[in-house]
Amino acid sequence: MPQHSSSAAGSSGDFPPFRQRHLISIADLKQHEIIDLLDRAERMIDISRQERKSHPTLAGKTQINLFFEPSTRTQSSFEIAGKRLGALVVNMSVKTSSVSKGETLVDTAATLNAMRPDVLVVRHGAAGAVELLSQKVGCSVVNAGDGAHEHPTQALLDALTIRNHKGMLAGLTVAICGDIANSRVARSNLLLLGALNVRTRVIAPRTLLPAGIENLATEVFTDMEEGLKGADVVMMLRLQHERASGKMIPSVREYYRFYGLDAQKLGWAKPDAIVMHPGPMNRGVEIDPAIADSERSVITDQVEMGVAVRMAVLDALLPARNQA
Amino acid sequence: MTSPLIIDNARIVDPASNTDQLGAVLIENGLITDLAIGGPAGVPDGAEVINAGGQLLAPGLIDMRVFVGEPGKEYRETLASAGAAAVAGGITSFVMMPDTTPTVDDGALVDFLIRRAEAQSLARILPAAAITKGLLGKDITEFGLLKEAGAVCLTDGAQSIQSSALLRSAMGYAANFDMPFVHHVFDAELVGDGVMTEGLFATVLGLKGMPREAETIPLARDLQLAALTKVRYHAAQLSTAGSVTLLEAAKSGNTKVTAGLSINNLCLNENDIGRYRTYFKLNPPLRSEDDRQAMIEGLRSGAIDTIHSDHDPQDSEVKRQPFAEASNGAIGLETLLSAALRLVHSGDLNVMTILRAMTARPAEILGLDTGRIARGAPADLILVDLDYPWQVTEKNFRSRSRNTSFENARMQGKVMRTLVGGKTVFMNEVQE
């Protein structure tokens with residue numbers, strides 16, 4: 001991990017201005033912007049490990065976390081990130097408020113916009129919803145997950161985790177396993193890793209592979225043994241088994257038998273391969289609890305990197321907005 | 001009695017008679033009473049003369065698929081606004097889908113619509129009647145009484161009947177009354193939550209796709225049932241290459257089968273959706289470029305008979321939504337002809353082919369006396385400048401809705417004048 005002195009952490013002035021107003025999709029980022037965000041996040045790790053976890057570059061700014069889908073961990077991660085940067089953070093969980101009274105997404109955007117936030121962090125169940133909202137507001141918007149489209153900060157935190165464990169990204173082989181069809185995490189990761197010259201593999205039963213995936217991943221497998229062979233990183237995805245059982249897969253037990261990550265299957269990957277999961281995990285569905293808790297697992301590191309990446313994203317987007 | 005009217009010095013293109021020649025038409029009492037092909041007409045006393053200056057004179061267009069908001073959703077479209085939009089696009093007659101509130105599934109409502117349209121609309125409005133009550137796909141309507149009331153065809157509009165048994169009896173009963181049976185096909189379970197065509201593009205957007213088989217499977221079933229029941233079957237709108245193949249095969253053995261095509265599937269493809277542009281959320285969905293090419297080939301080969309606008313007015317409330325949650329549909333009356341002319345300018349299709357699909361063929365399928373330039377036919381005519389440049393602009397729409405799939409598009413070719421029953425109901429004004 002590159003070392004930064006804590007005094008250097010006091011300013012972000014040594015990074016060039018970040019040219020994006022929003023973070024909606026990894027597809028919008030150029031390679032140097034991705035690397036820039038990862039480097040910024042590196043510094044935020046240092047800040048988060050200090051006694052005084054404060055780097056108030058966003059003092060006086062307002063951040064609204066607008067979650068149309070409940071997500072404790074992502075919302076907390078963005079909240080902590082904003083607060084460590086000194087922003088006023090307001091959480092709005094919209095399932096229970098005006099949307100259920102028939103207010104449209106666009107109306108909600110207009111209402112919140114009138115409260116003059118500096119950044120909206122938005123999660124929504126529909127692909128494209130965050131982009132639509134970003135067109136209707138005057139502040140920066142960060143996509144915290146939109147349907148099966150993208151979850152850009154997850155891909156950034158995954159890349160940061162891998163880089164810190166492997167020392168580099170280019171040339172590695174990352175296998176993403178499970179419900180690719182419904183996963184925004186998989187899409188963002190395929191785009192980001194692809195942009196950084198990482199070899200990507202997807203492994204899933206055919207029913208969980210979306211059409212055209214062979215154009216997004218380097219290689220596509222339906223067999224775990226073939227797919228995991230030589231992998232440096234094994235990234236497991238959460239299976240929505242209540243929805244999939246009986247339709248996309250016959251049962252959890254069969255899924256676990258063929259696609260759940262256990263010691264035998266992990267043995268097919270490289271001996272030093274790390275295991276990742278975006279959480280929340282279904283232990284015994286897509287992953288053996290013993291693997292999830294083993295020293296091969298970097299799942300709690302991902303959570304820590306999550307806060308750092310979100311701090312970096314907020315820090316990068318907001319000054320850009322002021323200069324605009 | 002109005003004075004006679006002569007349209008002289010026109011390039012007369014009449015697909016019904018395969019005419020494409022300079023000439024003149026004489027119009028008296030709303031009818032075409034004489035034709036002078038190849039030269040100027042003699043001018044009767046007191047006749048008004050329009051010199052077309054070589055512009056194209058064609059039969060007024062007949063649009064087989066138009067949704068109107070009246071009754072029930074007048075804020076989207078009324079008979080009057082749809083009529084005004086139609087004639088501005090050169091459409092002199094259109095079939096109105098029964099998807100209104102209440103549904104057009106009763107003779108009294110057909111009668112009401114005909115009377116009200118006569119009073120309110122500049123274009124002729126031809127009501128279609130629902131196949132099933134309330135468009136619910138369960139019980140068939142009174143086909144005989146609906147026909148007597150003036151319904152031109154049967155269709156469940158945007159809905160698709162899922163039960164093969166119900167379709168069989170509905171087609172059989174429609175054959176009994178010799179009514180055109182127009183069916184838009186999709187397999188609701190295969191569509192599932194799908195909102196666009198399955199493929200890489202849907203995957204990248206994170207949107208649920210629907211396979212092309214959701215169209216071809218029920219189409220294959222319909223074509224077999226059409227042969228079984230001997231109904232006059234019209235596949236409302238094809239959108240996949242596989243569907244064209246099915247139609248070609250069916251037509252070789254069954255002359256009563258015809259098929260339509262939405263202008264959207266002729267001019268656009270799935271890439272036009274871009275980043276979740278909901279004006280391009282349509283049913284059938286936009287397909288790949290290969291499918292679009294198959295539509296062009298289908299028009300050339302005759303597998304596809306008609307081109308329609310699929311005019312479907314929607315308000316911003318239901319369109320300014322995340323893509324998966326937005327309503328289907330785009331307006332199209334005012335852009336139909338100009339959009340179709342793109343295919344002419346690109347060299348893909350000739351003028352005769354696209355005009356036939358919007359005049360003679362729909363008239364034949366529906367049994368109308370319009371759609372042709374012939375002695376005794378109603379003087380529903382359009383003058384077209386094939387090269388007139390213009391840009392689609394929201395504020396110039398006569399439609400009450402704005403959900404166009406040709407927003408700000410640059411067009412080449414436009415209707416300059418529209419006549420319905422010999423009366424000029426639209427003249428092009430130069431845009432500022």
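Just so we're clear, the structure is a prediction, and the values are computed from it rather than from any experiment.

K.L.:
Would you explain the UniProt feature "binding site: L-aspartate" (unreviewed entry) in chain A in this entry?
P.N.:
Feature annotation in UniProt places "binding site: L-aspartate" (unreviewed entry) on Lys101, Arg184 and Arg238 of chain A, given in this structure's numbering. For Arg184 of chain A, the contacting residues outside a window of four places in its chain are Glu69, Arg123, His124, Gly145, Asp146, Gly147, Ala148, His149, Glu150 and His151 of chain A.

K.L.:
Honestly, unusual backbone geometry in this entry has me stumped. Any pointers?
P.N.:
The phi angle of most residues is negative, glycine excepted, and most peptide bonds adopt the trans form. Of note, the bond from Gly279 of chain A into Pro280 of chain A is cis; its omega dihedral lies within 30 degrees of zero at -10°. For Pro280 of chain A, the position within the fold is in the loop between β9 (274-276) and α11 (289-292). Look at the link from Thr101 of chain B to Pro102 of chain B: it is a cis peptide, with omega at 0°. Along the chain, Pro102 of chain B falls in the loop between β7 (91-96) and α2 (107-120). In the Ramachandran plot, Asn18 of chain B falls in the positive-phi region, its phi being about 55° despite a non-glycine side chain. Its identity as a non-glycine residue notwithstanding, Asp178 of chain B has a phi of 50°, on the positive side. For Asp178 of chain B, a relative accessible area of 40% translates into the label partly exposed.

K.L.:
Please clarify how the nonpolar core should be interpreted in this entry.
P.N.:
What tends to happen in soluble globular proteins is that the nonpolar side chains get buried as a cluster. All names here are of chain B. In this structure, Phe94, Phe181, Tyr233, Leu247, Leu266, Ile307 and Leu337 are the most contacted members of the largest nonpolar core, which totals 106 residues. Considering each element in turn, this core owes the most residues, seven residues, to helix α12 (residues 336-345). With residues near it in sequence (within four places) discarded, Leu337 still touches Leu61, Gly89, Leu355, Met358, Ile382, Val384 and Val415.

K.L.:
Can you help me understand the pattern of salt bridges in this one?
P.N.:
If the charged atoms of two oppositely charged side chains come close together, the side chains can form a pair. Residue and element names in this part refer to chain B. Summed over the entire model, instances satisfying the criterion amount to 33 salt bridges over all chains. For Glu297, the salt bridge is made with Arg300, and the minimal N-O distance between the two is 2.6 Å. With Glu297 and Arg300 both in helix α10 (residues 289-301) and three residues apart, the pair spans about one turn of that helix. Arg300 gets classed as partly exposed once you look at its relative accessible area, which sits at 44%. Residues Arg300 and Asp348 are paired through a salt bridge, measuring 4.0 Å at the closest nitrogen-oxygen approach. Linking Arg300 in helix α10 with Asp348 in the loop between α12 and α13 (351-356), this pair joins segments that are 48 residues apart in sequence. Here the salt bridges do not stand alone but share partners, grouping Lys251, Asp305, Arg361 and Glu364 into one network.

K.L.:
What is the right way to read the UniProt feature "domain: Aspartate/ornithine carbamoyltransferase Asp/Orn-binding" (unreviewed entry) in chain A from this model?
P.N.:
When the UniProt feature table is mapped to this numbering, "domain: Aspartate/ornithine carbamoyltransferase Asp/Orn-binding" (unreviewed entry) covers residues 171-316 of chain A. Secondary structure across residues 171-316 of chain A comprises 38% helix and 14% strand; the distance between its end C-alpha atoms is 27 Å.

K.L.:
What should I look at first to understand the pairing of strand β1 (residues 5-14) of chain B in this one?
P.N.:
Residues in a regular strand point their side chains to alternate faces of the sheet. All names here are of chain B. Of all the ten residues making up β1, eight are buried; the element is thus mostly covered by neighbouring parts of the structure. Here β1 runs beside strand β4 (residues 48-51); their pairing, made up of four bridges, is parallel. Paired with Asp8 across the strands is Asn51, a residue of β4. Two strands pair when backbone bridges link them, and β1 and strand β2 (residues 19-28) are joined in this way by eight bridges, in the antiparallel orientation. Opposite Val13, over in β2, you have Asp20 as the bridge partner. Two elements, β1 and strand β5 (residues 56-59), share two bridges in a ladder whose sense is parallel. Bridge pairing links Arg11 to Leu56 in β5.

K.L.:
Help me understand the environment of Leu341 of chain B in this model?
P.N.:
All names here are of chain B. If you trace the backbone, Leu341 turns up in helix α12. Residue Leu341 is classed as buried on the basis of its relative accessible area, which comes to 2%. The sequence separation of Leu341 and Ile354 amounts to 13 residues, and the corresponding C-alpha distance is 7.9 Å. Ignoring sequence-local partners within four residues, the contact set of Leu341 consists of Ile354, Val384, Leu386, Gln412, Gly413 and Lys414.

K.L.:
It is not clear to me how the pairing of β7 of chain B should be interpreted in this structure. Could you clarify?
P.N.:
All names here are of chain B. With six of six residues buried, β7 lies mostly within the body of the structure. Sheet topology note: the strand β6 (residues 61-66)/β7 ladder contains four bridges and is parallel. Across the sheet, the residue bridging to Val66 is Met96, located in β7. Between β6 and its parallel partner β7, the chain crosses via helix α1 (residues 79-88), and the hand of that crossover is right-handed. The pairing of β7 with strand β8 (residues 124-129) spans four bridges and is parallel. Among the inter-strand pairings, Ser93 is bridged to a residue of β8, identified as Arg124.

K.L.:
What am I meant to see in the sheet that holds β9 of chain A here?
P.N.:
As a general point, the strands of a sheet are linked pairwise by backbone hydrogen bonds and lie either parallel or antiparallel. Residues and elements named next belong to chain A. If you walk across this open sheet you meet the five strands as β7-β6-β5-β8-β9, and the pairing is parallel. The sheet is open, and its two borders are formed by β7 (219-221) and β9, each paired with just one other strand. Between one strand axis and the next, the sheet turns through 20° on average, direction left out of account. Two elements, strand β6 (residues 199-203) and β7, share three bridges in a ladder whose sense is parallel. For Val202, the partnering residue across the bridge sits in β7 and is Val220. Across the sheet, helix α5 (residues 152-166) lies against β5 (173-177), β8 (233-236) and β9, angled at about 165° from β9, the strand it touches most.

K.L.:
Explanation requested: the side chain of Thr418 of chain B in the structure shown.
P.N.:
Relative to the elements of secondary structure, Thr418 of chain B occurs in strand β17 (residues 410-420). Ignoring anything within four residues of it in the chain, the contact list for Thr418 of chain B reads Val87, Gly90, Thr92, Leu381, Ile382, Lys423, Thr424, Val425 and Phe426 of chain B.

K.L.:
Hey, could you run me through the UniProt feature "domain: Amidohydrolase" (unreviewed entry) in chain B in this one?
P.N.:
UniProt's feature table lists "domain: Amidohydrolase" (unreviewed entry) at residues 346-426 of chain B, given in the numbering used throughout. Secondary structure over residues 346-426 of chain B splits into 16% helix and 32% strand, and the C-alpha atoms at its two ends are 27 Å apart.

K.L.:
Any chance you could explain the interface of chain B and chain A here in plain terms?
P.N.:
Often, the extent of an interface is quoted as the loss of accessible area on bringing the components together. Contact residues are listed per partner, giving 17 residues for chain B and 24 residues for chain A. Buried area between chain B and chain A, summed over both chains or domains, comes out near 1600 Å², and the portion from carbon and sulfur atoms is 56%. Three residues stand out in chain B for area buried against chain A, namely Thr203, Arg275 and Arg320 of chain B, and they jointly supply 36% of the buried area on that side. Remark: the boundary between chain B and chain A carries two salt bridges. The salt bridge partner of Arg275 of chain B is Glu131 of chain A, with a shortest N-O separation of 2.8 Å. There are six residue pairs in polar contact (both at pLDDT 80 or more) connecting chain B and chain A. Ranked by the residues each element gives to the side of chain B that touches chain A, the list is headed by helix α6 (residues 200-205) of chain B, at four residues. Residue composition of the side of chain B that touches chain A, grouped by class: seven nonpolar, four polar and six charged.

The rules we used
Each chain carries its own residue numbering, running from 1 in the direction its sequence is written. The order in which chains are written sets their letters, starting at A; the order in which ligands are written sets their numbers, starting at 1. Whole-chain, interface and lining totals are the exception, using all residues; otherwise, since this is a predicted model, local features are given only for residues with pLDDT of at least 70 and side-chain atom pairs are given and counted only at 80 or more. Side-chain metrics in this entry use all non-hydrogen atoms of the structure; hydrogen atoms and water are not considered. UniProt positions are given in the numbering used here, feature names are shortened, and annotations may be inferred rather than shown by experiment. Note on contacts: a residue pair is in contact if any heavy atoms of the two residues lie within 4.5 Å. Only DSSP runs of H or I with at least four residues qualify as helices, and only runs of E with at least two residues qualify as strands; both kinds are numbered from the N terminus onward. Buried residues are those whose accessible area, probed at 1.4 Å on protein chains only, stays under 20% of the maximum for their type, while exposed residues exceed 50% and partly exposed ones sit between those limits. In plain words, nonpolar cores are sets of buried Ala, Val, Leu, Ile, Met, Phe, Trp, Tyr and Cys residues tied together by side-chain atoms within 4.5 Å. Any carboxyl oxygen of Asp or Glu within 4 Å of a side-chain nitrogen of Lys or Arg constitutes a salt bridge here. Between any two strands, pairing holds if DSSP finds at least two bridges. For crossovers, right-handed means that the path from the first strand over the helix to the second runs clockwise, given strands pointing away from the viewer. The axes are straight lines fitted to the C-alpha atoms, using for helices just the contacting stretch, and the angles between their N-to-C directions are given from 0 to 180°. As used here, buried area is the combined drop in accessible area, with a 1.4 Å probe, of two parts when they are placed together. A 3.5 Å cut-off defines polar contacts: any pair of N or O atoms within that distance qualifies, except that in protein one atom must be a possible hydrogen donor and the other a possible acceptor, and neighbouring residues in sequence count only when both atoms are side-chain atoms. Only Asp, Glu, Lys and Arg are considered charged in this grouping, and only Ala, Val, Leu, Ile, Met, Phe, Trp, Tyr, Cys and Pro are considered nonpolar; every other residue, Gly among them, is considered polar.

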